[in-house]
Amino acid sequence: MSSHCVPSPNRHLIYLVEDEEEVARVVMRVLEDFEFLVEWFRDGSSLLSRLKTEQPDLCILDLGLPDMDGVTLIKQVTALHHCGLLVLTGRGHPFDRVMGLELGSDDYVVKPFEPRELVARVRSILRRSSPVGSTSHSKPRRYASFLGWTLDCAANTLTSPSGSEHLLSTAETQVLREFVERPHQILTREQLMGQRDLSPMDRSIDVRISRIRRKIEEDPQNAKIIKTVYGAGYMFVAQVTWS
């Protein structure tokens, strides 16, 4: 394991869980070249122990670990914190990708990978997890309410009309925020993902919308709040108030 990294207000802290030392060193080198602070863990248990005392901005997790299955680790990490989560693995089957996204990861990169692409994906997750619309002169809007639900954009939580609280992933919060910022508008998959030139084969946004629908829709298969506009994108159909 690398030495303990002290967070800086100007540098993002990233935890890397990877049992292959050669891969870990490549990832650390490229991220550190771009001014990220990186701490390396060889197994899931070491990461979980550190998360009890400190929260990073992003975790990069391998699915094939010596002490636990990566899917189990994702569940435990998302239960502890709402930091960004990127899966970096040799498992390239679509089932593994969808499973990782379903469990709450923000992105999925398959080995071997292009280092600059990894940096771009890390930056994309960190942008989505940063407060939207904040400037030195304006305070970002935090609480959005609709149909009895309340989204806390800073804490990544969604509270139901009955008062039960759901912890959202960074990616889910970003998508839902895009909707509540622009209700009754058709939003493209690219707008919701915050990316240009999104591949037609990329189903990440569909997985995230499916997860949100299962939380807020009475019948997710016949959605009334997040409607699919075939050939165009999605539309959020609800009145939204901010506080």
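Keep in mind the model is a prediction, meaning the values are calculated, not measured. (Residues numbered from 1 in each chain as written. Predicted model: local features only at pLDDT ≥ 70, side-chain atom pairs only at ≥ 80, totals over all residues. Heavy atoms only, no water.)

Draft legend 1. Examining the pairing of strand β11 (residues 226-229) more closely. Inspection of the sheet shows β11 paired to strand β12 (residues 233-236) by 4 bridges, in the antiparallel sense. When the bridges of β12 are listed, Thr228 appears paired with Tyr234. Hairpin geometry of β11 and β12 is characterised by an intervening segment of 3 residues between the two adjacent antiparallel strands and by a positive phi of about 85° at Gly231. (Pairing = 2+ DSSP bridges. Helix = DSSP H or I, 4+ residues; strand = E, 2+ residues; numbered from the N terminus.)

Draft legend 2. Up close: the sheet that holds strand β10 (residues 186-187). Ordered by their spatial adjacency, 3 strands build an open sheet running β10-β12-β11, and the pairing between neighbours is antiparallel. What marks the edges here is a single partner per strand, and that holds for β10 and β11. Pairing geometry for β10 and β12, over 2 bridges, is antiparallel. Within β12, the position partnered with Leu187 by the bridge is Tyr234. Strand contacts of helix α6 (residues 170-181): β10, β11 and β12, with the helix running at about 65° to β12, the strand carrying the most contacts. Along the sheet, helix α8 (residues 204-216) contacts β11 and β12; its crossing angle with β11, the most-contacted strand, is approximately 145°. (Contact = heavy atoms within 4.5 Å. Axes fitted to C-alpha atoms, helices over the stretch in contact; angles between N-to-C directions.)

Draft legend 3. A look at unusual backbone geometry. Across the junction of Lys111 and Pro112, the peptide omega takes the value -10°, indicating a cis bond. Phi at Glu35 takes a positive value of approximately 70°, unusual for a residue other than glycine. The phi dihedral of Asn156 falls on the positive side, at around 60°, and the residue is not glycine. Tracing the backbone through its elements, the reader meets Asn156 in the loop between β7 (149-152) and β8 (157-159).

Draft legend 4. A look at the state of the cysteines. Inspection of the entire model under this criterion finds 0 disulfides. Here Cys83 stays free of any disulfide, with the sulfur of Cys59 as its closest cysteine sulfur at 3.9 Å. (Disulfide = S-S within 2.5 Å.)

Draft legend 5. Summary view of the packing of helix α2 (residues 44-51) against helix α3 (residues 70-80). At a minimum axis separation of 11 Å, α2 and α3 run at an interaxial angle of 5°. Viewed along their axes, α2 and α3 adopt a mutual orientation that is roughly parallel. Here Gly44, Leu47, Leu48 and Leu51 of α2 come into contact with α3, specifically with Leu73, Gln76, Val77 and Leu80. For the contact of α2 with α3, a count of residues per class yields 6 nonpolar, 2 polar and no charged. (Parallel < 35°, antiparallel > 145°, perpendicular 65-115°, else oblique. Nonpolar A, V, L, I, M, F, W, Y, C, P; charged D, E, K, R; others polar.)

Draft legend 6. Up close: the nonpolar core. Ranked by size, the top nonpolar core spans 24 residues in total, and within it Phe146, Phe179, Ile226 and Phe236 carry the most contacts. Put simply, the parts of the chain that give this core at least two residues each are β6 (143-146), β7, α6, α7 (189-193), α8 and β12. Beyond its immediate chain neighbours, meaning those up to four positions away, Phe146 contacts Leu158, Val180, Ile216, Phe236, Ala238, Gln239 and Val240. Counting residues in hydrophobic clusters, the runner-up holds 22 residues, among them Ala24, Phe36, Leu86 and Val119. (Core = buried A, V, L, I, M, F, W, Y, C linked by side-chain atoms within 4.5 Å. Buried < 20%, exposed > 50% of the residue type's maximum accessible area, 1.4 Å probe, protein only.)

Draft legend 7. Looking closely at the pattern of salt bridges. For the structure on display, the rule yields 13 salt bridges. Notably, a salt bridge pairs Arg25 with Glu21, separated by 2.7 Å at the nearest N-O pair. Of this pair, Arg25 and Glu21 both sit in helix α1 (residues 21-33), 4 residues apart, which is roughly one turn of that helix. Here Arg25 falls in the partly exposed class, since its relative accessible area comes to 46%. Note on Glu21: relative accessible area 34%, which makes it partly exposed. (Salt bridge = Lys/Arg side-chain N within 4 Å of Asp/Glu carboxyl O.)

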